[in-house]
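Next come the chains, spelled out residue by residue.
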Amino acid sequence: MNRPYHEPVLALEAVNLLMTDASGIYVDATVGGGGHAALVIDRLAPAGILVGLDRDADAIAQSRAVLPGSPLLYQTPFSEISGLANQFPDGVEGVLMDLGISSHQIDTPGRGFSHRFAGPLDLRMDPSHGETAADLLGRLAELDLTRLLREYGEEPQARRIANFIAKARGEAPIRTTDALERVIGNAVPATRVKSLARVFQALRIAVNGELDELEAGLRGAFRLLRIGGRLVVISYHSLEDRIVKQFMASLVSPPLPSIRIPVDLDAGRVARALTKKPVVPGQTEIERNPRSRSAKLRAIEKIKSEE
């Protein structure tokens, strides 16, 4: 059976919040298989522009094949979104960031993103450069590996798993997903399935520098917006969502001055919240696409320049 490249999550909700002007310029900073981008293009007037970014060459190729019109597509991480300011010096109307990994990446054994398929332990979103997860596992000291699993995977048994990995790699390098699955199964048989997901998440975040990428991407995306422009972000785990929530809150409600004197509370605000609480998928969407279950959408609108 042919699987769809990727089913966009919270698609209508995201595009409804994103688009304010059919003739505007919109950036899908994680274009993936083009699901969200196609909805944006469908609503664009002839003068409107869609720009798609993705660090994965497969995603750019897929979007180029399926998206109508002539969207501008670039293989680049969204941490470099500020580079679009040279092309659009007056800014853009909206930026969408759909974080995490695509169904295509998960379902392609050769990419190593899922423990459900035997394949190389890679996990790079851009397979053309950088170290693989296998390389990372091979070089990290046991203490550093424990810290990685605890901080990025939020794995409560990080120390035990790291110890088993260190012992196993002393006998033979851990180069494949199934080899790592066996080690984790031996280490924590009672929590094997959940621990596997957390370990793979931790390795993926570390290999791709995802949290640093996210912080840089959020800052660059907001700077790129025109006044009235909107930033819409969909996250899938607590580490991502915490960064997004704190970033948006800092723009909507900056810290109050410590001196107790009358102040204009709006003076430092550069954005307004479009979602007081995160938008989450309904039961119908979760049943159709179980991978959407953990999604949270947050959005803000730029009301003044940061300068």
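Visitor: Hey, could you go over the overall build of the chain for me, with residue numbers and the actual values?
Guide: Check the secondary structure of the chain and you find 12 helices and 7 strands. When each of the 307 residues of the chain is scored for burial, the buried share is 50%. Across the chain, the fraction of contacts at a sequence separation of at least 24, relative to all contacts at a separation of at least 6, is 68%. Split by element, the accessible area of the chain, about 14,900 Å² in all, is 52% carbon and sulfur.

Visitor: Any chance you could break down the sheet that holds strand 5 (residues 225–235) for me, citing the residues and the numbers?
Guide: Strand order in the open sheet made by the 7 strands is 3-2-1-4-5-7-6, with mixed pairing throughout. Each having just a single partner strand, strand 3 (72–75) and strand 6 (271–273) make up the two edges of the open sheet. Neighbour to neighbour, the strand axes of the sheet diverge by 15° on average, direction disregarded. Sheet topology note: the strand 1 (residues 25–28)/strand 2 (residues 49–54) ladder contains 4 bridges and is parallel. Considered in strand 2, the bridge of Tyr26 is made with Leu50. Where helix 3 (residues 57–66) meets the sheet, its contacts fall on strand 2 and strand 3, and the angle it forms with strand 3 comes to roughly 165°. Taken strand by strand, helix 11 (residues 238–252) contacts strand 5, strand 6 and strand 7 (296–302), and its axis lies near 25° from that of strand 7.

Visitor: Tell me what's going on with unusual backbone geometry, and back it up with residues and numbers.
Guide: Glycine aside, residues mostly have negative phi, and peptide bonds are mostly found in the trans state. At Leu123, a residue that is not glycine, the phi angle is positive and equals roughly 70°. As for its position among the elements, Leu123 is in the loop between helix 4 (103–107) and helix 5 (133–139). The phi dihedral of Glu154 is positive, around 50°, even though this residue is not glycine. For Glu154, the location among the structural elements is in the loop between helix 6 (142–153) and helix 7 (158–171). Judged by its relative accessible area of 36%, Glu154 falls in the partly exposed class.

Visitor: Could you give an account of the confidence of the model for the chain, with specific residues and numbers?
Guide: For the chain, the mean per-residue pLDDT works out to 91, and 90% of the residues sit at or above 70. In the predicted structure, residues 258–265 sits below a pLDDT of 50 and forms 2 contacts with residues beyond four places in sequence or in another chain.

Visitor: Provide a residue-level description of the pairing of strand 4 (residues 92–98), including the pertinent values.
Guide: Among the 7 residues that make up strand 4, 7 are buried, leaving the element largely enclosed by the rest of the structure. With 3 bridges connecting them, strand 1 and strand 4 associate as parallel partners. In the sheet register, Asp28 faces strand 4, and the bridge partner there is Leu96. As judged from the 6 bridges shared by strand 4 and strand 5, these two strands associate in the parallel manner.

Visitor: Would you mind going over the pattern of salt bridges in detail, with residue names and values included?
Guide: Within the structure shown, the criterion is met by 14 salt bridges. Among the ionic pairs, Glu7 bridges to Arg288, the shortest N-O distance being 2.6 Å. Taken together, the residues span a long stretch of sequence, with Glu7 in the segment before helix 1 (11–18) and Arg288 in helix 12 (residues 283–288) at a distance of 281 residues.

Visitor: Which residues make up the nonpolar core, and what are the values?
Guide: Core analysis: the biggest nonpolar cluster contains 33 residues, and Val27, Ile81, Val95, Met97, Leu218 and Leu231 have the highest contact counts within it. Among the secondary structure elements, those contributing two or more residues to this core are strand 1, strand 2, strand 4, helix 10 (210–224), strand 5 and helix 11. With 7 residues, helix 11 is the largest single contributor of residues to this core. Beyond its immediate stretch of four places on either side in the chain, Val95 contacts Leu18, Val27, Ala29, Ile81, Ala221, Leu225, Arg230, Leu231 and Val232. Membership of the second largest hydrophobic core comes to 27 residues, among which are Leu137, Leu140, Leu149 and Phe200.

Visitor: Lay out the packing of helix 10 against helix 11 in plain terms, naming residues and giving numbers.
Guide: Direction vectors running N to C along helix 10 and helix 11 enclose 30°, while the axes themselves pass 10 Å from each other. With respect to helix 11, the element helix 10 is oriented roughly parallel. The crossing of helix 10 and helix 11 is right-handed. Residue-level contacts link Glu210, Leu211, Leu214, Glu215, Leu218, Arg219 and Phe222 of helix 10 to Leu239, Glu240, Ile243, Val244, Phe247 and Leu251 of helix 11.

How each quantity is defined
Residues numbered from 1 in each chain as written. Predicted model: local features only at pLDDT ≥ 70, side-chain atom pairs only at ≥ 80, totals over all residues. Heavy atoms only, no water. Helix = DSSP H or I, 4+ residues; strand = E, 2+ residues; numbered from the N terminus. Buried < 20%, exposed > 50% of the residue type's maximum accessible area, 1.4 Å probe, protein only. Contact = heavy atoms within 4.5 Å. Areas by Shrake-Rupley, 256 points an atom, 1.4 Å probe, with all protein chains shown as cover. Pairing = 2+ DSSP bridges. Axes fitted to C-alpha atoms, helices over the stretch in contact; angles between N-to-C directions. pLDDT = per-residue confidence, 0-100. Salt bridge = Lys/Arg side-chain N within 4 Å of Asp/Glu carboxyl O. Core = buried A, V, L, I, M, F, W, Y, C linked by side-chain atoms within 4.5 Å. Parallel < 35°, antiparallel > 145°, perpendicular 65-115°, else oblique. Left-handed = near helix turned anticlockwise from the far one by under 90°.

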